[in-house]
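# Analysis of the macromolecular model
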Amino acid sequence: MALWSGRFMENVSEFTQRFGASLPVDKALYAQDIAGSKAHAKMLATVGVISEDDAQQIAAGLDRVKADIESGDFMFDINDEDIHMSVEKALTAEIGDAGARLHTGRSRNDQVATDTRLYAKQRATDLMRANVALRHALIGQAEANFGVILPGYTHLQHAQPVLFSHHMLAYVWMLARDYRRLQAARDAADASPLGAAALAGTTYPLDRQMTAGELGFASVIPNSLDAVSDRDFLLDLDYACAVSCMHLSRLCEELVLWSTSEFGFIELSDAFSTGSSIMPQKKNPDFAELIRGKTGRVIGNLVSLLVTMKALPLAYNKDLQEDKYGAIDSAKTLEDCLQCAAGMIETMSIKPENMLKQAKLGHLAATDVADYLAKRGLPFRHAHEVVGHLVLLCEQRGCNLDDLSFDDFKAASPLFEEDIVKALDLPSIVAARTTEGGTGEAAVAQQMEKAKAVLAAD
Ligand code: ARG
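Given the structure is predicted, the values throughout are model-derived calculations rather than measurements.

Each helix and strand in the protein was counted, giving 20 helices and six strands. Computed over its C-alpha atoms, the radius of gyration of the protein comes to 30 Å, more than 25% above the 23 Å expected for a compact globule of 458 residues. Reported as C-alpha extents along the three principal axes, the dimensions of the protein are approximately 100 × 55 × 40 Å. Residues counted as buried form 41% of the 458 residues belonging to the protein. When contacts within the protein are restricted to residue pairs at least 6 apart in sequence, long-range pairs at least 24 apart make up 76% of them.

It is worth spelling out the UniProt feature "domain: Fumarate lyase N-terminal" (unreviewed entry) in the protein at this point. Sites flagged by UniProt as "domain: Fumarate lyase N-terminal" (unreviewed entry) map to residues 6–300. Counted over residues 6–300, helix gives 62% and strand 6%. Its end C-alpha atoms are 39 Å apart.

Further remarks concern the UniProt feature "domain: Argininosuccinate lyase C-terminal" (unreviewed entry) in the protein. Using the residue numbers shown here, the UniProt feature "domain: Argininosuccinate lyase C-terminal" (unreviewed entry) corresponds to residues 364–431. Segment residues 364–431 splits into 68% helix and 0% strand. End C-alpha atoms: 14 Å apart.

Moving on, we get to the packing of helix 7 (residues 108–144) against helix 11 (residues 232–258). In helix packing, the relevant descriptors are the interaxial angle and the interaxial distance, both defined with respect to the helix axes. Orientation of helix 7 relative to helix 11, taken along the N-to-C sense of each, is 25°, at an axis distance of 10 Å. By the angle between their directions, the pair helix 7 and helix 11 is classed as roughly parallel. Of the two possible hands of crossing, helix 7 and helix 11 adopt the one that is left-handed. Contacts from Thr116, Arg117, Ala120, Arg123 and Ala124 in helix 7 reach Phe233, Leu234 and Leu237 in helix 11. For the contact of helix 7 with helix 11, the class distribution of residues is five nonpolar, one polar and two charged.

In terms of strand pairing, strand 1 (residues 149–154) meets strand 2 (residues 157–163) through six bridges, oriented antiparallel. Across the sheet, tyrosine 153 pairs through a bridge with histidine 158, a residue of strand 2. Counting the residues that bridge the hairpin from strand 1 to strand 2 gives two residues, and of these histidine 155 lies at a positive phi of roughly 60°.

Next up on the list: the nonpolar core. Formed by 104 residues in total, the largest nonpolar core has its most connected members in Ala120, Leu138, Ala185, Leu237 and Ala341. The biggest single contributor to this core is helix 11, with 14 residues. Not counting residues within four places of it along the chain, the set of residues in contact with alanine 341 comprises Leu134, Leu248, Leu251 and Ile291. Counting residues in each nonpolar core, the second largest holds nine residues, with Ala113, Ala196, Ala227 and Val228 among its members.

A separate point is the site of the ligand. As a structural note, the neighbourhood of the ligand is formed by Ser22, Asp26, Asp82, Arg108, Asn109, Val112, Tyr316, Lys318, Leu320 and Gln321. Considering each element in turn, the shell around the ligand owes the most residues, three residues, to helix 7. For the shell around the ligand, the residue count by class is three nonpolar, three polar and four charged. The residue makeup of the shell around the ligand includes at least three contributed by each of domain 1 (15–104) and domain 2 (109–203 + 218–354).

The next thing to look at is the packing of helix 11 against helix 13 (residues 323–347). Where helix 11 meets helix 13, the closest approach of the two axes is 9 Å, and the angle between their N-to-C directions is 30°. In terms of crossing hand, the pair formed by helix 11 and helix 13 is left-handed. Facing Leu234, Leu237, Asp238, Cys241, Ser244, Cys245, Leu248, Leu251 and Leu255 of helix 11, the residues of helix 13 in contact are Asp323, Gly326, Ala327, Ser330, Ala331, Leu334, Cys337, Ala341 and Met344. Across the contact of helix 11 with helix 13, the residue classes tally to 13 nonpolar, three polar and two charged.

Attention shifts here to helix 15 (residues 366–375). Within helix 15 the residues assigned to the buried category are Ala366, Asp368, Val369, Ala370, Tyr372 and Leu373. Considering only its buried residues, helix 15 is in contact with helix 16 (380–397), helix 18 (420–424) and helix 19 (426–431). Two residues or fewer past helix 15, glycine 377 is found with a positive phi of approximately 105°.

Moving on to unusual backbone geometry. In this model, leucine 314 is joined to alanine 315 through a cis peptide bond whose omega is 0°. Among the secondary structure elements, alanine 315 is positioned in the loop between helix 12 (286–309) and helix 13. One non-glycine residue, glutamate 81, lies in positive phi territory at about 75°. Along the chain, the position of glutamate 81 falls in the loop between helix 4 (52–71) and helix 5 (83–95). On the basis of neighbour count, glutamate 81 is assigned to the buried category, with 23 C-beta atoms found within 10 Å. Residues other than glycine seldom take positive phi values, yet histidine 155 does so here, at roughly 60°. Mapped onto the elements, histidine 155 comes out in the loop between strand 1 and strand 2. By the C-beta count within 10 Å, which is 6 here, histidine 155 ends up exposed.

Moving on: the environment of glycine 388. Checked against the element boundaries, glycine 388 lands in helix 16. Exposure remark for glycine 388: the 12 C-beta atoms within 10 Å place this residue in the exposed category. Taking the C-alpha atoms as reference points, glycine 388 and isoleucine 139, separated by 249 residues in sequence, lie 37 Å from one another.

This paragraph deals with the domain arrangement of the protein. When cut into domains, the protein gives domain 1 (15–104), domain 2 (109–203 + 218–354) and domain 3 (358–457). The C-alpha centroid of domain 3 is placed 69 Å from the C-alpha centroid of domain 1.

It is worth spelling out the environment of aspartate 232 at this point. Its location among the elements puts aspartate 232 in helix 11. C-beta crowding within 10 Å serves as the criterion here: with 13 such atoms nearby, aspartate 232 is assigned to the partly exposed category.

Let's shift gears to the environment of alanine 184. On the secondary structure map, alanine 184 appears in helix 8 (residues 164–189). Among the residues examined, alanine 184 registers 16 C-beta atoms within 10 Å and is labelled partly exposed.

Confidence in the prediction for the protein averages 97 pLDDT; 100% of positions are at 70 or higher. Scoring of the predicted complex yields 0.95 for pTM and 0.97 for ipTM.

Each value, and the rule that gives it
- Counting restarts for each chain: residues are numbered from 1 in the order of the written sequence.
- Reporting in this predicted model follows two pLDDT cut-offs: at least 70 for local features of residues, and 80 or more for side-chain atom pairs to be given and counted; totals over whole chains, interfaces and linings ignore these cut-offs and use all residues.
- Only DSSP runs of H or I covering at least 4 residues are called helices, and only runs of E covering at least 2 are called strands; the numbering of each starts at the N terminus.
- Only C-alpha atoms enter the radius of gyration, while the globule expectation follows 2.2 Å times N to the 0.38, with N the number of residues.
- Every C-beta atom is placed from the backbone, and the number of other C-beta atoms within 10 Å of a residue's own sets its class: buried at 20 or more, exposed at 12 or fewer, partly exposed in between.
- The contact rule is simple: place each C-beta atom from the backbone, and if two of them lie within 7 Å, those residues are in contact.
- UniProt positions are given in the numbering used here, feature names are shortened, and annotations may be inferred rather than shown by experiment.
- For every element, the axis is a line fit to its C-alpha atoms; helices are fit only across the contacting stretch, and the angle between N-to-C directions ranges from 0 to 180 degrees.
- Each angle is binned into one of four classes, with values under 35 degrees roughly parallel, values over 145 roughly antiparallel, values of 65 to 115 roughly perpendicular, and all other values oblique.
- Left-handed describes a crossing whose near helix is turned anticlockwise from the far helix by less than a right angle; the clockwise case is right-handed.
- Under the scheme applied here, ten amino acids are nonpolar (Ala, Val, Leu, Ile, Met, Phe, Trp, Tyr, Cys and Pro), four are charged (Asp, Glu, Lys and Arg), and all others, including Gly, are polar.
- Only strands that DSSP links by at least two bridges are regarded as paired with each other.
- Each nonpolar core comprises buried Ala, Val, Leu, Ile, Met, Phe, Trp, Tyr and Cys residues, the members being joined through C-beta atoms within 7 Å.
- Proximity of a residue to a molecule or strand is defined by its backbone-placed C-beta atom lying within 6 Å of that partner.
- Throughout the structure description, domain borders are defined by an automatic or database domain assignment.
- Looking at any residue, its pLDDT shows the predictor's confidence there, from 0 to 100.

Now the structure itself:
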(Lines give C-alpha, C1' and ligand atoms only; values in the text may rest on other atoms or scores of the structure.)
Protein backbone atom coordinates (compact mmCIF):
# COMPACT_ATOMS: atom_id res chain seq x y z
CA MET A 1 0.00 0.00 0.00
CA ALA A 2 1.33 3.41 -0.95
CA LEU A 3 1.60 6.00 1.83
CA TRP A 4 -0.99 8.08 -0.06
CA SER A 5 -3.47 5.24 -0.71
CA GLY A 6 -6.26 6.51 1.60
CA ARG A 7 -8.54 7.97 -1.11
CA PHE A 8 -7.98 5.12 -3.55
CA MET A 9 -10.12 2.02 -3.96
CA GLU A 10 -7.91 0.26 -6.44
CA ASN A 11 -4.18 -0.23 -6.57
CA VAL A 12 -2.25 0.98 -9.59
CA SER A 13 -1.05 -1.83 -11.81
CA GLU A 14 2.39 -3.22 -11.29
CA PHE A 15 3.41 -1.70 -14.59
CA THR A 16 2.25 1.83 -13.73
CA GLN A 17 3.77 1.50 -10.29
CA ARG A 18 7.10 0.82 -11.90
CA PHE A 19 6.55 3.45 -14.58
CA GLY A 20 5.84 6.14 -11.99
CA ALA A 21 8.63 5.24 -9.60
CA SER A 22 11.78 7.33 -9.33
CA LEU A 23 13.39 5.16 -6.67
CA PRO A 24 16.03 3.60 -8.93
CA VAL A 25 17.35 7.10 -9.58
CA ASP A 26 16.60 9.09 -6.44
CA LYS A 27 17.93 6.53 -3.99
CA ALA A 28 21.22 8.32 -4.72
CA LEU A 29 19.73 11.15 -2.63
CA TYR A 30 19.18 9.06 0.53
CA ALA A 31 21.69 11.00 2.66
CA GLN A 32 20.19 14.35 1.68
CA ASP A 33 16.67 13.02 2.30
CA ILE A 34 17.60 11.87 5.79
CA ALA A 35 19.40 15.12 6.60
CA GLY A 36 16.33 17.07 5.43
CA SER A 37 14.00 14.96 7.57
CA LYS A 38 16.17 15.33 10.66
CA ALA A 39 16.21 19.11 10.27
CA HIS A 40 12.43 19.19 9.73
CA ALA A 41 11.74 17.01 12.79
CA LYS A 42 14.04 19.06 15.01
CA MET A 43 12.30 22.24 13.89
CA LEU A 44 8.83 20.72 14.40
CA ALA A 45 9.77 19.99 18.01
CA THR A 46 11.30 23.45 18.53
CA VAL A 47 8.08 25.17 17.43
CA GLY A 48 5.99 22.72 19.45
CA VAL A 49 4.26 20.83 16.62
CA ILE A 50 5.68 17.49 17.77
CA SER A 51 7.18 16.51 21.11
CA GLU A 52 10.89 16.51 21.89
CA ASP A 53 10.59 12.79 22.47
CA ASP A 54 9.15 12.24 18.99
CA ALA A 55 11.94 14.34 17.47
CA GLN A 56 14.59 12.32 19.27
CA GLN A 57 13.04 9.03 18.18
CA ILE A 58 12.85 10.30 14.61
CA ALA A 59 16.49 11.39 14.62
CA ALA A 60 17.71 8.09 16.07
CA GLY A 61 15.45 6.10 13.74
CA LEU A 62 16.68 8.02 10.70
CA ASP A 63 20.29 7.33 11.73
CA ARG A 64 19.47 3.62 11.80
CA VAL A 65 17.80 3.77 8.38
CA LYS A 66 20.88 5.53 7.04
CA ALA A 67 23.20 2.92 8.50
CA ASP A 68 21.01 0.19 6.98
CA ILE A 69 21.19 1.79 3.54
CA GLU A 70 24.93 2.24 3.79
CA SER A 71 25.53 -1.33 4.90
CA GLY A 72 23.52 -2.62 1.95
CA ASP A 73 20.94 -4.29 4.22
CA PHE A 74 18.10 -1.93 3.33
CA MET A 75 15.46 -3.58 1.20
CA PHE A 76 14.40 -1.02 -1.39
CA ASP A 77 10.87 -1.68 -2.62
CA ILE A 78 9.80 -0.16 -5.93
CA ASN A 79 6.25 0.05 -4.53
CA ASP A 80 7.49 2.86 -2.31
CA GLU A 81 7.84 4.97 -5.46
CA ASP A 82 10.67 7.19 -4.35
CA ILE A 83 13.40 7.63 -1.76
CA HIS A 84 11.20 9.91 0.35
CA MET A 85 8.53 7.32 0.92
CA SER A 86 11.08 4.51 1.24
CA VAL A 87 12.79 6.27 4.12
CA GLU A 88 9.56 7.38 5.78
CA LYS A 89 8.05 3.91 5.60
CA ALA A 90 11.17 2.26 7.01
CA LEU A 91 11.29 4.86 9.78
CA THR A 92 7.65 4.32 10.73
CA ALA A 93 8.16 0.56 10.71
CA GLU A 94 10.99 1.13 13.21
CA ILE A 95 9.50 3.71 15.56
CA GLY A 96 5.73 3.71 14.93
CA ASP A 97 3.66 6.88 15.48
CA ALA A 98 6.60 9.24 15.93
CA GLY A 99 7.66 8.28 12.39
CA ALA A 100 4.14 8.86 11.14
CA ARG A 101 4.31 12.44 12.51
CA LEU A 102 7.45 13.34 10.52
CA HIS A 103 5.56 14.44 7.41
CA THR A 104 3.56 17.06 9.33
CA GLY A 105 3.70 20.41 7.52
CA ARG A 106 5.72 18.97 4.69
CA SER A 107 5.08 17.67 1.19
CA ARG A 108 7.22 15.57 -1.04
CA ASN A 109 7.25 18.63 -3.27
CA ASP A 110 9.34 20.74 -0.90
CA GLN A 111 11.13 17.62 0.29
CA VAL A 112 12.37 16.63 -3.16
CA ALA A 113 13.39 20.19 -3.97
CA THR A 114 15.35 20.32 -0.70
CA ASP A 115 17.08 16.99 -1.29
CA THR A 116 17.95 17.85 -4.86
CA ARG A 117 19.41 21.22 -3.87
CA LEU A 118 21.54 19.62 -1.16
CA TYR A 119 22.69 17.02 -3.67
CA ALA A 120 23.49 19.64 -6.33
CA LYS A 121 25.55 21.64 -3.81
CA GLN A 122 27.53 18.55 -2.84
CA ARG A 123 28.16 17.43 -6.38
CA ALA A 124 29.18 20.89 -7.57
CA THR A 125 31.72 20.94 -4.72
CA ASP A 126 33.06 17.48 -5.70
CA LEU A 127 33.41 18.61 -9.30
CA MET A 128 35.25 21.77 -8.29
CA ARG A 129 37.81 19.56 -6.55
CA ALA A 130 38.22 17.33 -9.62
CA ASN A 131 38.57 20.44 -11.78
CA VAL A 132 41.46 21.64 -9.61
CA ALA A 133 43.26 18.29 -10.00
CA LEU A 134 43.13 18.46 -13.80
CA ARG A 135 44.45 22.03 -13.81
CA HIS A 136 47.39 20.83 -11.68
CA ALA A 137 48.15 18.15 -14.27
CA LEU A 138 48.02 20.61 -17.17
CA ILE A 139 50.21 23.13 -15.40
CA GLY A 140 52.64 20.31 -14.55
CA GLN A 141 53.06 19.49 -18.24
CA ALA A 142 53.31 23.18 -19.14
CA GLU A 143 56.11 23.68 -16.61
CA ALA A 144 57.97 20.46 -17.40
CA ASN A 145 58.10 21.30 -21.11
CA PHE A 146 58.68 25.03 -20.99
CA GLY A 147 60.40 26.18 -24.20
CA VAL A 148 59.07 23.39 -26.44
CA ILE A 149 57.69 24.80 -29.71
CA LEU A 150 54.83 23.36 -31.71
CA PRO A 151 52.92 24.68 -34.70
CA GLY A 152 49.95 26.81 -33.75
CA TYR A 153 46.95 26.27 -35.99
CA THR A 154 44.02 28.15 -37.39
CA HIS A 155 41.60 26.19 -39.58
CA LEU A 156 43.82 23.24 -38.57
CA GLN A 157 46.41 24.68 -40.98
CA HIS A 158 49.87 25.66 -39.78
CA ALA A 159 49.64 29.29 -38.65
CA GLN A 160 52.37 30.54 -36.30
CA PRO A 161 54.71 28.76 -33.90
CA VAL A 162 53.61 28.71 -30.24
CA LEU A 163 54.94 27.28 -27.02
CA PHE A 164 53.53 23.92 -25.96
CA SER A 165 53.14 25.45 -22.49
CA HIS A 166 51.01 28.22 -23.96
CA HIS A 167 48.79 25.61 -25.57
CA MET A 168 48.37 23.70 -22.28
CA LEU A 169 47.61 26.92 -20.41
CA ALA A 170 44.79 27.72 -22.83
CA TYR A 171 42.99 24.69 -21.38
CA VAL A 172 43.87 25.73 -17.85
CA TRP A 173 41.97 29.00 -18.40
CA MET A 174 38.96 27.16 -19.84
CA LEU A 175 38.92 25.01 -16.73
CA ALA A 176 39.33 28.03 -14.47
CA ARG A 177 36.12 29.39 -16.00
CA ASP A 178 34.45 25.99 -15.61
CA TYR A 179 35.29 26.17 -11.92
CA ARG A 180 33.46 29.50 -11.69
CA ARG A 181 30.45 28.01 -13.47
CA LEU A 182 30.35 25.11 -10.99
CA GLN A 183 30.63 27.58 -8.14
CA ALA A 184 27.71 29.56 -9.59
CA ALA A 185 25.68 26.33 -9.85
CA ARG A 186 26.47 25.54 -6.23
CA ASP A 187 25.40 29.03 -5.17
CA ALA A 188 22.20 28.77 -7.21
CA ALA A 189 21.27 25.63 -5.26
CA ASP A 190 22.08 27.26 -1.94
CA ALA A 191 18.58 28.33 -0.84
CA SER A 192 16.01 26.35 1.12
CA PRO A 193 12.61 25.35 -0.27
CA LEU A 194 11.72 23.45 2.91
CA GLY A 195 8.52 24.74 4.47
CA ALA A 196 6.93 25.59 1.13
CA ALA A 197 5.04 22.31 1.62
CA ALA A 198 2.95 21.24 -1.38
CA LEU A 199 2.80 24.69 -2.97
CA ALA A 200 1.29 27.27 -0.64
CA GLY A 201 3.04 27.01 2.72
CA THR A 202 1.34 25.44 5.73
CA THR A 203 -0.90 26.21 8.67
CA TYR A 204 1.80 25.06 11.11
CA PRO A 205 4.11 27.66 12.62
CA LEU A 206 7.15 26.32 10.77
CA ASP A 207 10.48 28.06 11.22
CA ARG A 208 11.93 27.99 7.72
CA GLN A 209 14.98 29.97 8.77
CA MET A 210 15.80 27.28 11.29
CA THR A 211 15.65 24.37 8.84
CA ALA A 212 17.61 26.37 6.29
CA GLY A 213 20.30 27.01 8.91
CA GLU A 214 20.35 23.37 10.05
CA LEU A 215 20.89 22.22 6.48
CA GLY A 216 23.56 24.81 5.71
CA PHE A 217 21.50 26.77 3.18
CA ALA A 218 22.46 30.42 2.78
CA SER A 219 18.85 31.62 2.56
CA VAL A 220 15.18 30.73 2.40
CA ILE A 221 13.37 30.80 -0.96
CA PRO A 222 10.86 33.65 -0.61
CA ASN A 223 7.98 32.21 -2.66
CA SER A 224 6.47 28.80 -1.93
CA LEU A 225 5.25 28.25 -5.51
CA ASP A 226 8.68 29.07 -6.88
CA ALA A 227 10.36 26.98 -4.19
CA VAL A 228 8.70 23.72 -5.27
CA SER A 229 8.84 24.24 -9.01
CA ASP A 230 12.15 25.97 -9.69
CA ARG A 231 14.82 23.76 -11.23
CA ASP A 232 17.09 26.57 -12.48
CA PHE A 233 19.77 25.38 -10.09
CA LEU A 234 19.86 21.98 -11.80
CA LEU A 235 19.95 23.60 -15.20
CA ASP A 236 22.92 25.60 -13.92
CA LEU A 237 24.65 22.40 -12.84
CA ASP A 238 23.77 20.68 -16.13
CA TYR A 239 25.12 23.69 -18.00
CA ALA A 240 28.32 23.87 -15.98
CA CYS A 241 28.86 20.15 -16.64
CA ALA A 242 28.07 20.48 -20.34
CA VAL A 243 30.49 23.37 -20.89
CA SER A 244 33.25 21.67 -18.94
CA CYS A 245 32.75 18.40 -20.84
CA MET A 246 32.83 20.36 -24.09
CA HIS A 247 36.25 21.74 -23.04
CA LEU A 248 37.50 18.26 -22.18
CA SER A 249 36.20 17.03 -25.50
CA ARG A 250 38.25 19.68 -27.32
CA LEU A 251 41.33 18.73 -25.33
CA CYS A 252 40.75 15.04 -26.05
CA GLU A 253 40.22 15.70 -29.74
CA GLU A 254 43.71 17.21 -29.77
CA LEU A 255 45.15 14.28 -27.83
CA VAL A 256 43.62 11.91 -30.39
CA LEU A 257 45.05 13.93 -33.27
CA TRP A 258 48.42 14.41 -31.61
CA SER A 259 48.84 10.70 -31.01
CA THR A 260 48.36 9.80 -34.71
CA SER A 261 51.47 8.93 -36.70
CA GLU A 262 50.64 11.94 -38.90
CA PHE A 263 51.15 14.29 -35.95
CA GLY A 264 53.24 12.22 -33.57
CA PHE A 265 53.31 15.05 -31.00
CA ILE A 266 52.54 12.88 -27.96
CA GLU A 267 52.33 9.33 -26.83
CA LEU A 268 49.65 8.42 -24.32
CA SER A 269 50.78 6.05 -21.59
CA ASP A 270 49.80 2.38 -21.85
CA ALA A 271 47.52 2.86 -18.86
CA PHE A 272 45.40 5.24 -20.93
CA SER A 273 45.39 3.33 -24.23
CA THR A 274 43.92 0.11 -25.53
CA GLY A 275 44.89 -2.43 -28.15
CA SER A 276 42.95 -3.97 -31.00
CA SER A 277 41.54 -7.48 -31.01
CA ILE A 278 42.73 -8.02 -34.58
CA MET A 279 45.53 -5.55 -35.35
CA PRO A 280 48.51 -6.33 -33.12
CA GLN A 281 50.24 -3.02 -33.77
CA LYS A 282 47.36 -0.80 -32.57
CA LYS A 283 47.55 1.53 -29.61
CA ASN A 284 44.26 3.37 -29.51
CA PRO A 285 43.44 6.54 -27.56
CA ASP A 286 40.11 5.03 -26.45
CA PHE A 287 39.77 7.03 -23.27
CA ALA A 288 40.28 10.37 -24.99
CA GLU A 289 37.69 9.28 -27.55
CA LEU A 290 35.31 8.21 -24.78
CA ILE A 291 35.52 11.58 -23.05
CA ARG A 292 34.72 13.18 -26.42
CA GLY A 293 31.83 10.75 -26.85
CA LYS A 294 30.37 11.10 -23.37
CA THR A 295 30.23 14.86 -23.90
CA GLY A 296 27.33 14.29 -26.29
CA ARG A 297 25.25 12.75 -23.53
CA VAL A 298 26.11 15.48 -21.04
CA ILE A 299 25.07 18.18 -23.50
CA GLY A 300 21.89 16.16 -24.11
CA ASN A 301 21.09 16.19 -20.39
CA LEU A 302 21.07 19.99 -20.39
CA VAL A 303 18.84 20.19 -23.44
CA SER A 304 16.60 17.48 -22.05
CA LEU A 305 15.88 19.37 -18.80
CA LEU A 306 15.36 22.64 -20.65
CA VAL A 307 12.74 20.95 -22.80
CA THR A 308 11.11 19.33 -19.76
CA MET A 309 10.81 22.72 -18.07
CA LYS A 310 9.75 24.83 -20.99
CA ALA A 311 5.96 24.66 -20.70
CA LEU A 312 5.40 23.60 -17.10
CA PRO A 313 2.65 25.51 -15.33
CA LEU A 314 3.09 26.29 -11.64
CA ALA A 315 3.65 24.65 -9.29
CA TYR A 316 4.83 21.01 -8.91
CA ASN A 317 4.20 18.66 -11.82
CA LYS A 318 5.32 15.08 -12.02
CA ASP A 319 7.38 15.97 -15.10
CA LEU A 320 9.86 17.41 -12.61
CA GLN A 321 10.71 13.90 -11.49
CA GLU A 322 12.65 13.59 -14.75
CA ASP A 323 15.06 16.30 -13.59
CA LYS A 324 17.40 14.07 -11.62
CA TYR A 325 18.33 11.46 -14.22
CA GLY A 326 20.36 13.87 -16.30
CA ALA A 327 21.85 15.89 -13.46
CA ILE A 328 23.06 12.83 -11.56
CA ASP A 329 24.45 11.41 -14.80
CA SER A 330 26.11 14.65 -15.89
CA ALA A 331 27.83 15.14 -12.54
CA LYS A 332 29.08 11.56 -12.45
CA THR A 333 30.20 11.66 -16.08
CA LEU A 334 32.07 14.94 -15.70
CA GLU A 335 33.68 13.74 -12.48
CA ASP A 336 34.94 10.59 -14.25
CA CYS A 337 36.04 12.55 -17.32
CA LEU A 338 38.00 15.06 -15.22
CA GLN A 339 39.73 12.23 -13.38
CA CYS A 340 40.50 10.34 -16.58
CA ALA A 341 41.79 13.45 -18.35
CA ALA A 342 44.05 14.31 -15.40
CA GLY A 343 45.59 10.83 -15.49
CA MET A 344 46.00 10.97 -19.24
CA ILE A 345 47.69 14.39 -19.17
CA GLU A 346 49.96 13.51 -16.24
CA THR A 347 51.24 10.33 -17.86
CA MET A 348 51.52 11.32 -21.53
CA SER A 349 54.96 11.81 -23.01
CA ILE A 350 55.53 14.59 -25.48
CA LYS A 351 57.78 14.49 -28.53
CA PRO A 352 59.38 17.92 -28.97
CA GLU A 353 61.41 16.85 -32.04
CA ASN A 354 58.24 15.99 -33.97
CA MET A 355 56.56 19.20 -32.89
CA LEU A 356 59.55 21.21 -34.08
CA LYS A 357 59.78 19.27 -37.34
CA GLN A 358 56.17 20.16 -38.11
CA ALA A 359 56.66 23.74 -36.98
CA LYS A 360 59.35 24.09 -39.66
CA LEU A 361 56.84 23.16 -42.35
CA GLY A 362 54.03 25.33 -43.67
CA HIS A 363 55.84 28.68 -43.68
CA LEU A 364 55.06 29.57 -40.10
CA ALA A 365 57.49 32.50 -40.35
CA ALA A 366 55.46 34.25 -43.07
CA THR A 367 53.74 36.73 -40.74
CA ASP A 368 57.06 37.66 -39.19
CA VAL A 369 58.68 38.21 -42.60
CA ALA A 370 55.77 40.51 -43.50
CA ASP A 371 56.17 42.30 -40.14
CA TYR A 372 59.90 42.69 -40.95
CA LEU A 373 59.04 44.64 -44.10
CA ALA A 374 56.28 46.61 -42.40
CA LYS A 375 58.66 47.67 -39.63
CA ARG A 376 60.96 48.98 -42.38
CA GLY A 377 58.24 51.23 -43.77
CA LEU A 378 56.35 49.11 -46.29
CA PRO A 379 52.58 49.30 -45.58
CA PHE A 380 51.57 45.93 -44.05
CA ARG A 381 49.10 45.11 -46.84
CA HIS A 382 51.93 45.43 -49.44
CA ALA A 383 54.33 43.49 -47.24
CA HIS A 384 51.69 40.71 -47.00
CA GLU A 385 51.64 40.51 -50.79
CA VAL A 386 55.45 40.42 -51.16
CA VAL A 387 55.66 37.53 -48.68
CA GLY A 388 52.71 35.81 -50.39
CA HIS A 389 54.80 35.77 -53.58
CA LEU A 390 57.80 34.36 -51.68
CA VAL A 391 55.57 31.58 -50.28
CA LEU A 392 54.34 30.84 -53.78
CA LEU A 393 57.98 30.63 -54.93
CA CYS A 394 58.66 28.12 -52.12
CA GLU A 395 55.61 26.08 -53.07
CA GLN A 396 56.80 25.97 -56.69
CA ARG A 397 60.29 24.89 -55.64
CA GLY A 398 59.02 22.55 -52.94
CA CYS A 399 61.04 24.24 -50.19
CA ASN A 400 60.56 26.33 -47.04
CA LEU A 401 61.01 30.07 -46.55
CA ASP A 402 64.33 29.58 -44.82
CA ASP A 403 65.63 27.60 -47.84
CA LEU A 404 65.40 30.73 -50.04
CA SER A 405 68.62 32.56 -50.81
CA PHE A 406 69.27 36.12 -49.74
CA ASP A 407 69.08 37.04 -53.45
CA ASP A 408 65.55 35.62 -53.60
CA PHE A 409 64.56 37.90 -50.72
CA LYS A 410 66.34 40.94 -52.21
CA ALA A 411 64.59 40.31 -55.54
CA ALA A 412 61.24 40.33 -53.78
CA SER A 413 61.96 43.58 -51.93
CA PRO A 414 65.04 45.80 -51.61
CA LEU A 415 64.10 46.35 -47.95
CA PHE A 416 65.39 42.87 -47.00
CA GLU A 417 68.80 42.90 -45.26
CA GLU A 418 71.02 40.11 -43.93
CA ASP A 419 69.19 40.17 -40.58
CA ILE A 420 66.14 38.59 -42.28
CA VAL A 421 67.45 35.24 -40.98
CA LYS A 422 66.29 36.30 -37.53
CA ALA A 423 62.72 36.68 -38.78
CA LEU A 424 62.92 33.11 -40.05
CA ASP A 425 64.14 31.54 -36.83
CA LEU A 426 61.33 29.79 -34.90
CA PRO A 427 62.60 30.44 -31.35
CA SER A 428 63.10 34.13 -32.21
CA ILE A 429 59.62 34.27 -33.73
CA VAL A 430 58.11 32.84 -30.55
CA ALA A 431 60.23 35.01 -28.25
CA ALA A 432 59.22 38.16 -30.14
CA ARG A 433 55.56 37.71 -29.17
CA THR A 434 55.90 39.75 -26.04
CA THR A 435 52.30 40.98 -25.90
CA GLU A 436 50.57 40.23 -22.58
CA GLY A 437 48.90 36.85 -23.11
CA GLY A 438 51.13 36.12 -26.12
CA THR A 439 53.30 33.07 -26.68
CA GLY A 440 56.77 34.58 -26.00
CA GLU A 441 58.58 32.87 -23.11
CA ALA A 442 58.46 35.95 -20.89
CA ALA A 443 54.73 36.46 -21.46
CA VAL A 444 54.00 32.76 -20.91
CA ALA A 445 56.03 32.74 -17.71
CA GLN A 446 53.91 35.61 -16.43
CA GLN A 447 50.74 33.87 -17.54
CA MET A 448 51.84 30.71 -15.75
CA GLU A 449 52.21 32.64 -12.50
CA LYS A 450 48.70 34.04 -12.91
CA ALA A 451 47.23 30.61 -13.66
CA LYS A 452 48.96 29.17 -10.60
CA ALA A 453 47.74 32.02 -8.40
CA VAL A 454 44.14 31.50 -9.56
CA LEU A 455 44.49 27.77 -8.96
CA ALA A 456 45.96 28.25 -5.51
CA ALA A 457 42.99 30.45 -4.55
CA ASP A 458 40.42 27.90 -5.82
N1 ARG B 1 9.49 11.43 -6.82
C2 ARG B 1 9.04 12.78 -6.93
C3 ARG B 1 10.07 13.60 -7.73
O4 ARG B 1 11.17 13.15 -7.88
C5 ARG B 1 8.88 13.38 -5.58
C6 ARG B 1 7.79 14.39 -5.46
C7 ARG B 1 6.50 13.80 -5.77
N8 ARG B 1 5.41 14.61 -5.40
C9 ARG B 1 4.20 14.29 -5.79
N10 ARG B 1 3.25 15.01 -5.33
N11 ARG B 1 3.96 13.28 -6.58
O12 ARG B 1 9.77 14.66 -8.22
